[in-house]
Amino acid sequence: MLGASFCSNRRQNSMAHRNSRRSDSTSSTTNRFPPEGTTNEKDEDNLDHFIYKKMESILERMQDPHTGVIVRTVKSFMSKIPSVFTGADLISWILRNLDVDDTTEALHVAHLMGAHGYVFPIDDHILTVKNDGAYYRFQTPCFWLSRSSEPENTDYAVYLCKRTMQNKQRLELADYEAENLARLQKMFSRKWEFIFIQAEAQAKVDKKRDKLERKVLDSQERAFWDVHRPAPGCVNTTDVDIKKTYRAVKPRQINGRIEHLRRQIERRKIKVSKVAESYLSYFEQYMEFDPFITPPEPSNPWISDNTDHWEQESTTKDIPQRRVKRWSFSVRELLKDNAGREHFRRFLEKEFSAENLKFWEACQKLKFTAQNDVETMVQEIYTEYLAPGACDPVNVDCKVAETVT
């Protein structure tokens, strides 16, 4: 009831001053607080709107007078704090009434609702919820995200200007709010008089309210702006994520999208028989070279303490036929073996093309060079193999030669 009357009076007061100004100056506040229950047709197709509705349905259960969170008025020294509940009460209700397993998950749910302004601390701009005795308050429905459009800077200017007119310690502007007010005053210097008049009118209406009612409404309006104009370091949950918007689909299309993805997963891009055939062929080819499957001569050094196998593999003398056979699989296998690479080098020297292997080895060495030495080494490779008049020129086509020179 407090929220509904508050929003209604704000709209009436706003209308009284719009008639005397230009329509373009007042368009920002015309739909500031839409009536409860009204929604935009485009919002119905927005995935965020669907999420807001989910949270608001939980909030309505929390506000149930019989089964919801217990809301009470607390006495504090010489004053009263109306319509509050503790964070511990909220977490306890979530654990009892929602499908939540532990306190950590309940805190996460409460934090999400707090970050969207549905639940807020009464004396802090940081919208979060803790499992302690701090006091929190529910947001009025007319400030719920699904029922209020994105406010404009003129609305924010009116709100900050009104705060400066109220001599209350709890209504003093924070540092970032004072900076925002100065920036907005400079931005709207030509129509600041209208903003000041509207703020003054709202302040007069607020003074006529009951003291406790005014406390509640002031905190709810502050929480509304903490959502849409958050303090530095806080996340603005109303920002539109372009990637998220691109990927967003209508709630009624989600089932069709899931079914489409399921069909895509079941569809095989490559025949399983071909994959199995390739795998078996690879396994049969390399099986005799795997010391865990085919015992080598001498024995496997991973099983025994005899390292003769590794010593034989590192030498270029008396190379076994089994080792030479592996070179025939690919050039990569040949170059990976030190003995094979040495034999390949001798062959290239006979063919007067050993510079190709030297160039490849230099490029391989470049991959493991420290970042500080890369430029120097690249220059050395270029001078030795690619530059005009290089000592070991590599045979490249004319397009590559023009690119590197």
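Remember, predicted model here, so these are calculated numbers, not experimental data.

### A few points about unusual backbone geometry
Only a minority of non-glycine residues have a phi that is not negative, and only a minority of peptide bonds are not trans.
Piece 1. Look at Ser-83: it is not a glycine, yet its phi comes out positive at around 55°.
Piece 2. Relative to the helices and strands, Ser-83 is located in strand β2 (residues 79-86).
Piece 3. Relative accessible area serves as the criterion here: at 27%, Ser-83 is assigned to the partly exposed category.
Piece 4. Even without glycine at this site, Phe-352 takes up a positive phi of about 55°.

### Some points on the packing of aromatic side chains
Piece 1. Following the criterion strictly, the structure yields 11 aromatic pairs and no others.
Piece 2. Between the aromatic rings of Tyr-118 and Trp-144, the centroid separation amounts to 6.2 Å while the plane-to-plane angle is 70°, which identifies the pairing as edge-to-face. Taken together, the positions of Tyr-118 in the loop between α6 (103-115) and β3 (119-121) and Trp-144 in the loop between β4 (135-138) and α7 (153-164) put the pair 26 residues apart, joining distant regions of the chain.
Piece 3. You can call Tyr-118 buried: its relative accessible area is 0%.
Piece 4. By relative accessible area, Trp-144 is classed as buried at 2%.
Piece 5. Ring centres of Tyr-156 and Trp-225 lie 5.0 Å apart, and the angle between their planes is 35°; on these two criteria the pair is classed as tilted. Taken as a pair, Tyr-156 in helix α7 and Trp-225 in helix α10 (residues 211-228) lie far apart in primary sequence, 69 residues in all.
Piece 6. Trp-225 gets classed as buried once you look at its relative accessible area, which sits at 1%.
Piece 7. Positioned above the aromatic ring of Tyr-156, the side-chain terminus of Arg-229 is 5.6 Å from the ring centre.

### A closer look at empty space enclosed by the protein
Piece 1. Across all of its chains, the model carries two cavities of 30 Å³ or more by this definition.
Piece 2. Its boundaries defined by the atoms lining it, the second largest cavity holds a volume of some 40 Å³.
Piece 3. His-116, Gly-117, Tyr-118, Gln-139, Phe-143, Trp-144, Leu-145, Phe-224 and Val-227 together form the lining of the second largest cavity.
Piece 4. Taken together, the residues of the lining of the second largest cavity sort by class into six nonpolar, three polar and no charged.

### With respect to the pairing of β2
Side-chain positions along a regular strand alternate between the two faces of the sheet.
Piece 1. Bridge analysis of strand β1 (residues 72-76) against β2 gives four bridges, and the strand direction is antiparallel. Note that in β2 the partner of Arg-72 across the bridge is Val-84.
Piece 2. Counting the residues that bridge the hairpin from β1 to β2 gives two residues, and of these Phe-77 lies at a positive phi of roughly 55°.
Piece 3. Taken together, the two bridges between β2 and β4 define a ladder with antiparallel strand orientation. Paired with Thr-86 across the strands is Tyr-135, a residue of β4.

### Some thoughts on the pairing of β4
Piece 1. Alignment of β3 against β4, held across three bridges, turns out to be antiparallel. Within the sheet, the bridge partner assigned to Pro-121 lies in β4 and is Tyr-136.

### Quick notes on helix α8 (residues 175-187)
Piece 1. Between its first and last C-alpha atoms α8 spans 19 Å; for 13 residues at 1.5 Å apiece the expected length is 18 Å, and the two agree.
Piece 2. All buried positions along α8 are accounted for by Tyr-176, Glu-177, Asn-180, Leu-181 and Leu-184. Along the axis of α8, the buried residues cluster in a sector spanning 140°; they form a single face. Pointing more than 90 degrees away from the buried face of α8 are the exposed residues Asp-175, Glu-179 and Lys-186.

### Focus: the nonpolar core
Piece 1. Counting 26 residues, the largest nonpolar core has Leu-59, Met-62, Leu-90, Ile-94, Tyr-118 and Val-119 as its most contacted members.
Piece 2. Excluding residues within four positions of it along the chain, Met-62 makes contact with Gly-68, Val-69, Leu-90, Trp-93, Ile-94, Met-113 and Phe-138.
Piece 3. The next biggest cluster of nonpolar side chains, apart from the first, holds 19 residues, and it includes Phe-143, Leu-160, Cys-161 and Leu-181.

What counts, and where the lines are drawn
- Here, residues in each chain are numbered from 1, in the same order as that chain's written sequence.
- Given that the model is predicted, a residue must reach a pLDDT of at least 70 before its local features are reported, and side-chain atom pairs must reach 80 or more before they are shown or counted; all residues, however, enter totals for whole chains, interfaces and linings.
- Working from all heavy atoms in the structure, the side-chain values ignore hydrogens and water.
- Note on conventions: DSSP H or I runs of at least 4 residues are helices, E runs of at least 2 residues are strands, and numbering of each starts at the N terminus.
- Type-normalised accessible area, obtained with a 1.4 Å probe on protein chains alone, sets the label of each residue: buried when under 20%, exposed when over 50%, and partly exposed for intermediate values.
- Only centres within 6.5 Å qualify two rings of Phe, Tyr or Trp (six-membered ring in Trp) as a pair; their planes then separate them into stacked at under 30 degrees, edge-to-face at over 60, and tilted for everything else.
- When the NZ atom of lysine or the CZ atom of arginine is within 6 Å of a ring's centre and also within 35 degrees of its normal, the charge is said to sit over that ring.
- Cavities and pockets are defined on a 1 Å grid built over the protein atoms alone: a cavity is a set of grid points where a 1.4 Å probe fits but cannot escape, while a pocket is an open set with protein on both sides within 12 Å along at least five of seven lines, and lining residues are those with an atom within 4 Å of any such point.
- Grid points are joined across faces, edges and corners, and a volume is the space filled by probe spheres set on the points.
- Three classes are used, and their members are as follows: Ala, Val, Leu, Ile, Met, Phe, Trp, Tyr, Cys and Pro are nonpolar, Asp, Glu, Lys and Arg are charged, and the others, Gly among them, are polar.
- Note: two strands are recorded as paired if DSSP finds a minimum of 2 bridges between them.
- To estimate the expected span of a helix, count its residues, drop one, and scale the result by 1.5 Å.
- This arc is taken over the directions from the axis of the helix to the C-beta atoms.
- Each nonpolar core is a collection of buried residues, namely Ala, Val, Leu, Ile, Met, Phe, Trp, Tyr and Cys, held together in the definition by side-chain atoms within 4.5 Å.
- Residue contacts are defined here by distance: any two heavy atoms, one from each residue, within 4.5 Å place the two residues in contact.

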